[in-house]
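Remarks on the overall topology
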Amino acid sequence: MAELTYRDAVARGIAQEMARDPDVVFLGEDVAGAGGVFKATVGLLEQFGNKRVRDTPISEQAILGAAMGAAMTGLKPIAEIMFSDFFAVCFDYIANEIPKSRYMSNGQLKCPLVVRTGNGAGSRFGAQHSQSVENWAMMIPGLKVVAPSNPRDVIGLLAAAVRDPDPVIFFEHKSLYATKGEVPDGEIVDRLGTAAIARPGKDATILALALMVPRALAAADKLKAEHGIDCEVVDVRSLVPLDTQTILGSVARTHRLFTVEENPRLCGWGAEIVSIVADEAFYELDGPPVRITTPHIPLPAADILEDIALPTADRIVERVKRSMNS
Amino acid sequence: MKLYRERLLQFGIGEKAILDIEADVKRTVDAATEACKAAPMPPLDILTTDVYADGGFAWRN
């Protein structure tokens, strides 16, 4: 067991898969010589050489086009898009080309690749470099979508993504890169499509993703200590496939549902889950599901504004307490 | 296409060769179109086939 940062876990996860399978290649802007702008890929060039670890021109379309071609011809590429906001400039590949190749070719073409990207806010990068765009990806049939919240899950889910025969969008949270966690020694391989109960509880279910998971856990501790409300925190981890069994099971035990979403309110992932719960577990609920989200705004760069835009542990506590007491 | 045709002429490809290529392309496309029109409609289950590698379209458990 070792303590790793989320940042170092990215490099370890990629290295684990590149060492296992010579067909795994890695490409992106400044990922090789510089070790990534977030320093999440340091050492990979030295370990695997410039044939398998490649810096690319500043062209997100070129990165994903190259990755798609490599995947179709037998390699297992891991492509990095530095900021998930830049999905907007290569969205044709993300929405039209990569996920639809299998369907449009009647299963003749395969596109097994991983697109890693820095997602989310909290680092004062402003409106065009801070968005949580996991809902952009989860709406597209043919893609799988994961977003780990801790170093162990980074390695395990990245390994699962690389080994998966479908294209996987892997959202790393920029504000989690410096966080640390215990990671077992040896190979770690997780399963896509599995949520994790991060904290058991009996009074309410709080669903959270990525950076919102530690905030939900902090809120749950405070709700228990100060208000006697025992919350179960579920780390959703995988949006596609979605682990509805774990989610519906938790709601059936607690009878209350809260989602904590960093995305702006409209069409966030929590809306889809609330709709599933309304369809399939309505009579389990003792109160209306509540979504705790960022407002429907572009994210500001000023720290005091960004801090009040994102859901905080205090906001979660206040909203859960108000709902449970009403 | 028009620009490419002019380019081929500039390269010295003769008019007859270009007309032959165009006729060949037209025959191929027409044959494919007729084959598609004559083919039966696809089975309904193809609607949800091969979205993912497991052959289906399941996005949840």
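Placed above this text is the structure.
Just so it is clear, the model here is predicted, and its values are computed rather than measured. (Residues numbered from 1 in each chain as written. Chains lettered and ligands numbered in written order. Predicted model: local features only at pLDDT ≥ 70, side-chain atom pairs only at ≥ 80, totals over all residues.)

Remarks on the overall build of chain B
Across its full length, chain B holds two helices and zero strands. In terms of overall dimensions, chain B is more spread out than a globule: its C-alpha atoms have a radius of gyration of 21 Å, far above the 10 Å expected for 61 residues. Its C-alpha atoms give chain B principal-axis dimensions of roughly 60 × 30 × 15 Å. Counting the 61 residues in chain B, one finds 7% classified as buried. (Helix = DSSP H or I, 4+ residues; strand = E, 2+ residues; numbered from the N terminus. Rg over C-alpha atoms; globule rule 2.2 N^0.38 Å. Buried ≥ 20, exposed ≤ 12 C-beta atoms within 10 Å, placed from the backbone.)

A closer look at the interface of chain B and chain A
Contact with chain B, which involves nine residues of that partner, is made by 15 residues of chain A. Here the residues of the side of chain B that touches chain A are counted per class, giving six nonpolar, one polar and two charged. (Contact = placed C-beta atoms within 7 Å. Nonpolar A, V, L, I, M, F, W, Y, C, P; charged D, E, K, R; others polar.)

A look at unusual backbone geometry
Note the cis peptide between Val240 of chain A and Pro241 of chain A, where omega equals -5 degrees. Inspection of the secondary structure puts Pro241 of chain A in the loop between strand E12 (238-240) and helix H9 (244-254). Positive phi, close to 60 degrees, is recorded for Arg237 of chain A, a residue that is not glycine. Secondary-structure assignment places Arg237 of chain A in the loop between strand E11 (231-235) and E12. Positive phi, close to 65 degrees, is recorded for Asp50 of chain B, a residue that is not glycine. Structurally, the position occupied by Asp50 of chain B is in the segment after helix H2 (15-38).

Structural notes on the sheet that holds strand E2 (residues 24-28) of chain A
All names here are of chain A. Reading across the sheet, the seven strands line up as E3-E2-E4-E5-E7-E6-E12 and stay open at both edges, with mixed pairing between neighbours. Both outer strands of the open sheet, strand E3 (53-55) and E12, are each paired with one neighbouring strand and no more. Geometrically, the sheet is characterised by an average inter-axis angle of 20 degrees between neighbouring strands, direction not taken into account. Alignment of strand E4 (residues 76-83) against strand E5 (residues 114-119), held across five bridges, turns out to be parallel. Each residue of the ladder has a partner; that of Ile78, found in E5, is Val114. Here helix H3 (residues 60-72) sits on the sheet and contacts E2, E4 and E5; the angle it forms with E4, its principal contact strand, is near 165 degrees. (Pairing = 2+ DSSP bridges. Axes fitted to C-alpha atoms, helices over the stretch in contact; angles between N-to-C directions.)

Quick word on the sheet that holds strand E13 (residues 257-264) of chain A
Working definition: the strands of a sheet are paired by backbone hydrogen bonds and lie parallel or antiparallel to each other. Residues and elements named next belong to chain A. As summarised here, the arrangement of the five strands in space is E9-E11-E10-E13-E14, forming an open sheet in which the pairing is mixed. Both outer strands of the open sheet, strand E9 (196-199) and strand E14 (290-294), are each paired with one neighbouring strand and no more. Within this sheet the neighbouring strands show an average axis-to-axis angle of 25 degrees, counted without direction. Relative to E13, strand E10 (residues 204-208) runs parallel, the two being bridged by four bridges. Note that in E13 the partner of Ala208 across the bridge is Val260. On top of the sheet, helix H8 (residues 212-227) reaches E9, E10, E11 and E13; it is set at about 170 degrees to E11, its chief contact. Lying on the sheet, helix H10 (residues 269-280) is in contact with E10, E13 and E14; it crosses E13 at an angle near 155 degrees.

Looking at helix H1 (residues 2-10) of chain B
Buried residues are scarce in H1 of chain B, accounting for zero of its nine residues. Phi turns positive, to about 95 degrees, at Gly12 of chain B, one or two residues after H1 of chain B.

With respect to the environment of Glu17 of chain A
Residues and elements named next belong to chain A. Its place among the elements puts Glu17 in helix H1 (residues 6-20). With 24 C-beta atoms counted inside 10 Å, the residue Glu17 sits in the buried group. Spatially, the C-alpha atom of Glu17 lies 32 Å from that of Arg124, the residues being 107 residues apart in sequence.

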